[in-house]
Amino acid sequence: MTNLTPKVSIIGAGSVGMRYAYALIMKGLVRELVIVDLDKKRLEGEVMDLSHGAPYISPVEIRAGDYSDIKNSDLVVVTAGKKQKTGQSRLELIKDNAELFKTMIPEIVRQAPAAIILIVTNPVDILSFVAYKVSGKPAHEILGSGTVLDTARLRFLLADNCNIDPRNIHGYILGEHGDSEFAAWSTAMIGGVLLKNYCPTCDHFKTCKRETVLANIFNEVKDSAYEIIERKGETSYGIGLALVRITRAILNNENSVLPVSSLANGYLGIEDVYLSLPSIVNKTGIKQVLSVELSAQEEEAFRNSASTLKKIISEIGF
Ligand code: NAD
């Protein structure tokens, strides 16, 4: 068997897994890519299709495999999950996916014990916690994609509204990746200037209706997934690119600050739950979770996210 590095394995060749795979090879970040899926025939088709671009990208070996092929992976990305059946409640679906993780995650760890595991399957915070619990690995080696995508949406929308390059906008969606998430506006910055200080200097300040604009941007972020799913059935490109960003931080040991989902470490007295805070990400996974200074209202929203997630965790028996 070849043993090329860096090696990434993707579990789940659905829309998200394949968009991620495509973006990953386009970026030239990996030498070996293994993709695993229950649906072997469709997986083979996907891998044949993807491999045919070989002359036009950096060298990469792409294989349709099973769990034994993920050995020596530097990173395993989990996008596999069951779909909601007709009449099934959200909680039942979560229980089903938690059951799936009870067998899938230990198998990943058995085959690739040194790999960092990145969870994407929703509800990502709950399933990252489940993965941590059943993996036997240290928490810093298991992370969830968290609010990295939601944060990208926030930066895109703010950039669009303020006519500024999104790469120069720093602001985060934190907490749960889901309904209880919140925008940490008090920490948002444009080129190192706090947003609240930048706004009065902007040409549009007098006509902008700032509070309404910010509320609308947050609502658009929060409803993005619903709006996209309503139009095209799934979200996949944005998350694919967000996953490549996290992958780059891990494989290149970048120490990048990203709002991935991690085990709460006592910040605001919260423990025993996975949720998003800006965190330093490198080849060890999560190097450090930052204790951001939030406004009182944002702190309350963070606590609310934690209790929302903890309630579900106890309902599914973890
Ligand atoms: P999908 O149904 O297209 O793909 C899921 C794939 O998993 C399917 O190909 C299926 O065959 C496979 N699968 C199921 N059980 C498996 C198992 N035991 N082993 C191997 N493969 C298995 O779904 P999708 O649109 O690709 O979405 C995947 C997940 O990502 C969903 O849970 C979705 O909610 C989530 N998602 C998360 C974010 C985020 O920001 N965290 C964003 C978008 C989507």
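For the structure, check the block above.
None of these values were measured; they are calculated from a predicted model. (Residues numbered from 1 in each chain as written. Predicted model: local features only at pLDDT ≥ 70, side-chain atom pairs only at ≥ 80, totals over all residues. Heavy atoms only, no water.)

K.L.:
Would you mind showing me how to read the site of the ligand here?
P.N.:
Lining the immediate environment of the ligand, one finds 24 residues, of which V16, D37, R42, N122 and S145 sit closest. A distance of 3.4 Å separates a nitrogen atom of the ligand from a polar backbone atom of L38. Between S145 and the ligand, the recorded distance is 3.1 Å, taken from a side-chain N or O atom to a nitrogen atom. Tallied by class, residues from the shell around the ligand come to 11 nonpolar, 10 polar and 3 charged. (Near = heavy atom within 4 Å. Polar contact = N/O pair within 3.5 Å; in protein donor to acceptor, adjacent residues only side chain to side chain. Nonpolar A, V, L, I, M, F, W, Y, C, P; charged D, E, K, R; others polar.)

K.L.:
Sorry, what's going on with the packing of aromatic side chains here?
P.N.:
Per the counting criterion, the structure on display carries 5 aromatic pairs. Taken together, a centroid distance of 6.4 Å and an interplanar angle of 85° make the contact between F182 and F302 edge-to-face. Here F182, found in strand β9 (residues 182-183), pairs with F302, found in helix α9 (residues 296-315); they are 120 residues apart in sequence, far enough to count as distant. As far as the burial class goes, F182 and F302 line up, both buried. The rings of F129, Y132 and Y274 are connected pair by pair, giving a single aromatic cluster. The aromatic ring of Y237 is capped on one face by R19, whose charged end is 4.4 Å from the ring centroid. (Phe/Tyr/Trp six-rings, centres within 6.5 Å; stacked < 30°, edge-to-face > 60°. Helix = DSSP H or I, 4+ residues; strand = E, 2+ residues; numbered from the N terminus. Buried < 20%, exposed > 50% of the residue type's maximum accessible area, 1.4 Å probe, protein only. Lys NZ or Arg CZ within 6 Å of the ring centre and 35° of its normal.)

K.L.:
Just checking my understanding: could you explain the nonpolar core for this structure?
P.N.:
The nonpolar side chains of soluble globular proteins are, as a tendency, buried together. Core analysis: the biggest nonpolar cluster contains 84 residues, and V8, L33, I35, V78 and I119 have the highest contact counts within it. It is helix α8 (residues 237-251) that provides the largest number of residues to this core, a total of 8 residues. Once you skip the residues sitting within four places of it in the chain, I119 turns out to touch V78, F101, I105, V124, L127, S128, A131, I142, L143, G144 and S145. Membership of the second largest hydrophobic core comes to 19 residues, among which are L158, A159, Y198 and V213. (Core = buried A, V, L, I, M, F, W, Y, C linked by side-chain atoms within 4.5 Å. Contact = heavy atoms within 4.5 Å.)

K.L.:
Help me understand the sheet that holds strand β12 (residues 256-258) in this model?
P.N.:
Where strands meet in a sheet, backbone hydrogen bonds hold them as pairs that are either parallel or antiparallel. Taken in spatial order, the 3 strands make up an open sheet running β12-β15-β16, and their pairing is antiparallel. Where the open sheet ends on each side, the last strands, each with one partner, are β12 and β16 (285-289). Within this sheet the neighbouring strands show an average axis-to-axis angle of 40°, counted without direction. As paired strands, β12 and strand β15 (residues 279-282) are joined by 3 bridges and run antiparallel to one another. Residue S256 lies in a different strand from β15, and its bridge partner there is V281. Sheet contacts for α8: β12 and β15; angle to β12, the most-contacted strand, approximately 145°. (Pairing = 2+ DSSP bridges. Axes fitted to C-alpha atoms, helices over the stretch in contact; angles between N-to-C directions.)

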